[in-house]
Amino acid sequence: MTALDLTIDAPLTAARTPRHFLDLDALPTAELRRILDFAHALKARRAAGERPPLLGGRTLAMIFEKPSTRTRVSFEVGMNELGGSALILNPQDSQLGRGETIADTARVLSRYVDAIMIRCHAHETLTELAAHAGVPVINGLTRRSHPCQLMADLMTLEEQWGPGNLAGRRIAWVGDGNNMCVTFVQAAVHFGFELAIACPAAYQPDPDAVAAALAAGARVTVGEDVGAAVAGADCVVTDTWVSMDSKDAEARQRDFPAYQVNDAVMAKAAPGAVFMHCLPAHRGEEVTDAVMDGPASVVFDEAENRLHAQKAVLAWCLGVMETK
Ligand code: CP
Ligand code: NVA
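In this report, the structure presented in the accompanying data block is examined.

About the thresholds
Residues numbered from 1 in each chain as written. Chains lettered and ligands numbered in written order. Predicted model: local features only at pLDDT ≥ 70, side-chain atom pairs only at ≥ 80, totals over all residues. Heavy atoms only, no water. Salt bridge = Lys/Arg side-chain N within 4 Å of Asp/Glu carboxyl O. Helix = DSSP H or I, 4+ residues; strand = E, 2+ residues; numbered from the N terminus. Buried < 20%, exposed > 50% of the residue type's maximum accessible area, 1.4 Å probe, protein only. Expected span 1.5 Å × (residues − 1). Near = heavy atom within 4 Å. Polar contact = N/O pair within 3.5 Å; in protein donor to acceptor, adjacent residues only side chain to side chain. Nonpolar A, V, L, I, M, F, W, Y, C, P; charged D, E, K, R; others polar. Arc of directions from axis to C-beta. Contact = heavy atoms within 4.5 Å.

**Some details on the pattern of salt bridges**
Tallied over the full model, the rule gives 21 salt bridges. Two residues, Arg-33 and Asp-37, come together in a salt bridge whose shortest N-O distance is 2.8 Å. With Arg-33 and Asp-37 both in helix H1 (residues 29-47), this residue pair falls 4 residues apart, about one helical turn. The exposure class of Asp-37 is partly exposed, given its relative accessible area of 32%. Salt-bridge contacts for Lys-43 lead to Glu-304; the nearest nitrogen and oxygen are separated by 3.8 Å. Highlighted residues: Lys-43 in helix H1 and Glu-304 in helix H12 (residues 299-317), separated in sequence by 261 residues. Owing to a relative accessible area of 18%, Lys-43 belongs among the buried residues under this scheme. Here the residues in one salt-bridge network are Arg-46, Arg-51, Glu-81 and Lys-311, joined through shared partners.

**Looking at H12**
If you check H12, its first and last C-alpha atoms are 26 Å apart, about what 19 residues at 1.5 Å a residue would give, namely 27 Å. For H12, a buried count of 15 out of 19 residues is recorded, marking the element as mostly surrounded by other parts of the structure. Positive phi appears at Gly-319, one or two residues downstream of H12, with a value of about 70°.

**Overview of the site of ligand 1**
If you check the shell around ligand 1, you find Ser-68, Thr-69, Arg-70, Thr-71, Arg-119, His-146, Gln-149, Cys-278, Leu-279 and Arg-306 and nothing else. In the model, an oxygen atom of ligand 1 is placed 2.6 Å from a nitrogen or oxygen of the Ser-68 side chain. Between ligand 1 and Gln-149, the relevant distance is 2.9 Å, taken from a nitrogen atom to a side-chain nitrogen or oxygen of the residue. Split by residue class, the shell around ligand 1 holds 2 nonpolar, 5 polar and 3 charged.

**Considering helix H7 (residues 207-215)**
Taken together, the buried positions of H7 are Ala-209, Val-210 and Ala-213. Along H7, the residues classed as buried sweep out an arc of 100° about the axis, all on the same side. Structural note: H7 exposes Pro-207, Asp-208 and Ala-215 on the side pointing more than 90 degrees away from its buried face. Residues of H7 that are buried make contact with helix H6 (179-191) and strand E7 (219-223). Residue Asp-206 occupies the N-cap position of H7, its side-chain oxygen lying 3.0 Å from the main-chain nitrogen of Asp-208. Where H7 terminates, the next one or two residues include Gly-217, which has phi positive at roughly 100°.

The following block contains the structure:
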């Protein structure tokens, strides 16, 4: 991995549009590549005992409309390791819960903090926040997408296949065509992997997102057949059948059992294929213990890589990432 260069690559004080991290389809491939490279470098430096204080004195505000373990801890630890700090706002114990608008909240927080991370139900809450914030806004998961998780997932796959070696690989998505699935579709445009999606007919990903990816040249297929999707796949990835915003848990428990990732499904993938899951997993539902705890599983590397990837995202948003 390349050595860290602490060059400030954009003035922090100059008036400019904040560098938001909202969605992979809103960002240039070259910038995502730079963030991934920096994440790998930060991980290597941390393993060597180095924690460069790139964000000394800076503060991240985190708004959570929904629960979190990984996102909350990895952002807070990440800010601490970069020399800054993080604070949490829960809508129920801030004025957001009493009706202060997201636009006014954005304006106020921007007077105090250097960046805002939000996990919210509606994607429009994220875009509204970004439209009115004077500081960078980071998407910590919405009903539509989860780009921070994808950066960690791509980093994890590069650790398996080598940096820059995502193109030409086959990734099979099995299960719900949810926010994670759509973010994989967006990533396929940038990184040249083939994405084979298998979901029950009623749970397929947003056709507009798939159409946009296809129009941009991505190789994405959507079907219902798990065997066809995982055949020859280098990675099999799934997620919970019941997302935090899903209203129909009972129907989902009926509709998804044929989409469980188990040893028989993994056996159809390519030799050496890895298994990924953003977590939290519902063991015995979308994935068996044998797969979660088996040799193909890289799920805890994925969880760890949230820390490194988000430190790189924070450094990118705040203009303190290396330029060469
Ligand atoms: N994967 C993920 O975002 O986990 P949390 O819900 O625990 O943050
Ligand atoms: N699809 C899941 C991801 C959790 C990290 C959800 O939105 O609940």
